[in-house]
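# What the coordinates show
The lines below spell out each chain.
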Amino acid sequence: MANINTAGVDPTKMGVGRAIAVLTSGGDAQGMNAAVRATVRVGLYTGAKVFFVHEGYQGLVDGGDHIRPATWESVSMMLQLGGTVIGSARCKDFQTREGRLKAAFNLVKLGVTNLCVIGGDGSLTGANIFRTEWSDLLKDLISKGKITKEEAKTSSHLNIVGMVGSIDNDFCGTDMTIGTDSALHRIIEVVDSITTTAQSHQRAFILEVMGRHCGYLALVTALACGADWVFIPEMPPDDGWEDHLCRRLTETRKAGSRLNVIIVAEGAINKEGKPITCDQLKDLVTKRLGYDTRATTLGHVQRGGTPSAFDRVLGSRMGVEAVMALLEATPETPACVVSLSGNQAVRLPLMECVQVTKDVTVAMNEGRFDDAVKLRGRYVWKYHTFFNNWNTYKLLAHVRPPETKSNINVAILNVGAPCAGMNAAVRTAVRIGIIQGHNMLAVHDGFEGLAEEKIEPITWNTVGDWTGKGGSELGTKRVLPGKYMEEISLNIAKYNIHALVIIGGFEAFSGALEMVQGREKYEELCIPMVIIPATVSNNVPGSDFSIGADTALNTITTVRDTAHTLSGCTVYKYHNDYQPIFVNNFINLKKVFRFFLIDLGSIYNMFTWRFKSWRGRAFSYAFGQSMSTCVTISTSCAG
């Protein structure tokens, strides 16, 4: 992350004499307005002039009133709005050199030499072409007498920085694009509604989500809702998938499930490249199995509505980094795109990322689907969530539990206050343990339940629908194990427990520490223990983001949006009150983000949101890897 407080540089003077134009292009995405707002306010703070370009590249070509000065107040009330306030449009004119010549003329006349583009790979590619041609465009304008040599000299170089706004999350080089998280929230809300009616009538539902060339939305939706099957363009099903699908749906029903959910990306294909559609799947399930089947296509509802807290923060952080990238750029600096890498907004070479994105399409067209999956995401593919999501979904949904057992018993308990996502964590832990051949035990009511023998076996099917349930199905208490240590040690021996998985917040950490300290007296406690951080407070060490925090933050944001709407005429009072706080605290980025968060009506720490869980369900895969380690360890002492 860029450091505004550079030694020897006054941050309020970094942009003096500079002008920045910001535009949104291509399809809209929730969170674009947050990025625009951050770009404008950071640019103004540094002393630069900032301009809105309305209607995307079309506005850049048309000029006039389409390019207007931006002020601090003009971006007030933008943070919680979906879509893009400054507009977006497909522009054929900009694809021609004549159109780009007009755009260059408009920018030169305004003294703009820094362009921030928020859009997809096509929009960012167009920006890079514009930058590459800039010198020749200036020469043409001089020869036609439209600009003077002095104007050309002043505007001799154009700096470009991009931010990716796309709900599909289809841009390589970033963990997440602006708008993806909000779209996932819309989809999960629909799945919640569908599952209630499906269970009532024992129906099968087929849900089509967006993703013509990228199956990220479909894949994560399937993982977050525990879908029976998912179809994505990057990984077509094997030959004979129809039989496999019907067999799986039948097994699920025999196991006691009252519904089936199938998620389909709109670009899903088979091995021959032919589309797999909702109607085809509906006919297949209806004719072969006789199930009452419904198909639903979400369409553009996925783009609509207010952005999630994550997208507001993501857009804000990227906007800050984009301005710093522009102000620090030199004529030799290549055009860059601001990406998300783990918990950091980073700058990457724009065209390298665009090329990798195009390579995914080439790999899919050539039938190299494994390569397509690996190319998605960051440069180092094995660290990207797309690849991990795919493997995790297959593991939790399609791998059959082994018939042979390991004779290892793993107990799972929830400790502390309940939070959204606890049940999803339990489900993952149970199923991974069963896949390893272990016997999984559920402990009800935390450490107290462990002391009182509230212990019972828990099966694969028991946790089948737990991803969408809030709170704690196991039951949870804040009681620490200290006063129950003898009873706990006796029950660990009685039930032959070889490992403990503790899911919770501060009490879980404190309780586990007491258990470790108790090993000196009780040798039964010398077993491996793994803690999965789960607390809305996000106040425990070892994790950037704990389970439950995202759902809580989104609830706070929703309430704040409602209150802010009701406040009506008092809105500007809030912004005027906090404006001096923003100016005085803009010495470092952490305080900048605190101001953005004040606008969200929360004091939540913006630097702790690395691991996402949509509605608290998509289990963090770093935790999943820890769980896999836990359930495969031996019975040796962990001390």
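Look above for the structure.
Heads up: these notes are all about the structure in this document. (Residues numbered from 1 in each chain as written. Predicted model: local features only at pLDDT ≥ 70, side-chain atom pairs only at ≥ 80, totals over all residues. Heavy atoms only, no water.)

### Brief notes about unusual backbone geometry
Worth spelling out the cut-off: The numbering of helices and of strands both runs from the N terminus, where a helix is a DSSP run of H or I of at least 4 residues and a strand a run of E of at least 2.
One non-glycine residue, Met77, lies in the positive phi region at around 70 degrees. Looking at where Met77 falls in the secondary structure, it is placed in the loop between strand 3 (67-69) and helix 3 (97-110). Despite not being glycine, Asn496 has its phi angle at roughly 55 degrees, a positive value. Mapped onto the secondary structure, Asn496 falls in the loop between helix 16 (485-494) and strand 16 (499-504).

### Examining the packing of aromatic side chains
Let me state the cut-off plainly: Aromatic pairing here means that ring centres of Phe, Tyr or Trp (its six-membered ring) are within 6.5 Å. Orientation follows from the plane angle: under 30 degrees is stacked, over 60 is edge-to-face, and everything else is tilted. Only protein chains enter the accessibility calculation, which uses a 1.4 Å probe; a residue whose area is less than 20% of its type maximum is buried, one above 50% is exposed, and one in between is partly exposed. In our convention, an over-ring charge means Lys NZ or Arg CZ found within 6 Å of a ring centre and within 35 degrees of that ring's normal.
The tally for this structure, following the rule as stated, stands at 6 aromatic pairs. Pairing Phe94 with Phe130 gives two aromatic rings, centres 5.3 Å apart and planes at 70 degrees, and the pair type is edge-to-face. With Phe94 in the loop between strand 3 and helix 3 and Phe130 in helix 4 (residues 121-143), this residue pair connects regions lying 36 residues apart in the sequence. The pair Phe94 / Phe130 is uniform in exposure class, with both members buried. By way of ring pairs, the aromatic residues Tyr57, Phe94, Phe130 and Trp134 are connected into one cluster. Residue placement shows Arg253 over the ring face of Tyr291; its charged tip is 4.2 Å from the ring centre.

### Observations concerning the sheet that holds strand 8 (residues 260-265)
Counted only if it meets this: For two strands to count as paired, DSSP must find a minimum of two bridges between them. Note on method: axes are straight lines fitted to C-alpha atoms, helices fitted across the in-contact stretch only, with angles between N-to-C directions ranging 0 to 180 degrees. Contacts are residue-level and defined by heavy atoms, with any inter-residue pair within 4.5 Å sufficient.
Strand order in this open sheet of 4 strands is 7-8-6-9, and the pairing throughout is parallel. Bordering the open sheet on either side are strand 7 (229-231) and strand 9 (292-297), each of which pairs with just one other strand. The sheet shows a mean angle of 15 degrees between the axes of neighbouring strands, direction not considered. The pairing of strand 7 with strand 8 spans 3 bridges and is parallel. Each bridged residue has a counterpart across the sheet, and for Trp229 the counterpart in strand 8 is Ile262. Taken strand by strand, helix 7 (residues 216-225) contacts strand 6 (203-209), strand 7 and strand 8, and its axis lies near 165 degrees from that of strand 8.

### What about the pattern of salt bridges?
Worth spelling out the cut-off: One speaks of a salt bridge when a side-chain nitrogen belonging to Lys or Arg is within 4 Å of a carboxyl oxygen belonging to Asp or Glu.
Taken as a whole and assessed by the stated rule, the structure comprises 21 salt bridges. Across the salt bridge formed by Arg376 and Glu234, the nearest N and O atoms sit 2.9 Å from each other. Of this pair, Arg376 sits in the loop between helix 12 (369-375) and helix 13 (385-397) while Glu234 sits in the loop between strand 7 and helix 8 (241-254); the two residues are 142 residues apart in sequence, bridging distant segments of the chain. Assessed through its relative accessible area of 0%, Glu234 is described here as buried. In this structure, Asp292 and Arg294 form a salt bridge, with 2.4 Å as the shortest nitrogen-oxygen distance. Linked through salt bridges whose partners overlap, the residues forming this network are Arg203, Asp292 and Arg294.

### What to know about the sheet that holds strand 4 (residues 114-119)
Read from one edge of the open sheet, 7 strands run 3-2-1-4-5-10-11, paired in mixed fashion. With one partner strand each, in any of the chains shown, strand 3 and strand 11 (344-349) form the two edges of the open sheet. Strand-to-strand twist across the sheet, computed as the mean angle between neighbouring axes with direction ignored, equals 30 degrees. Sheet topology places strand 2 (residues 49-53) next to strand 3; 3 bridges connect them, and they run antiparallel.

Structural measurements only, silent on function.
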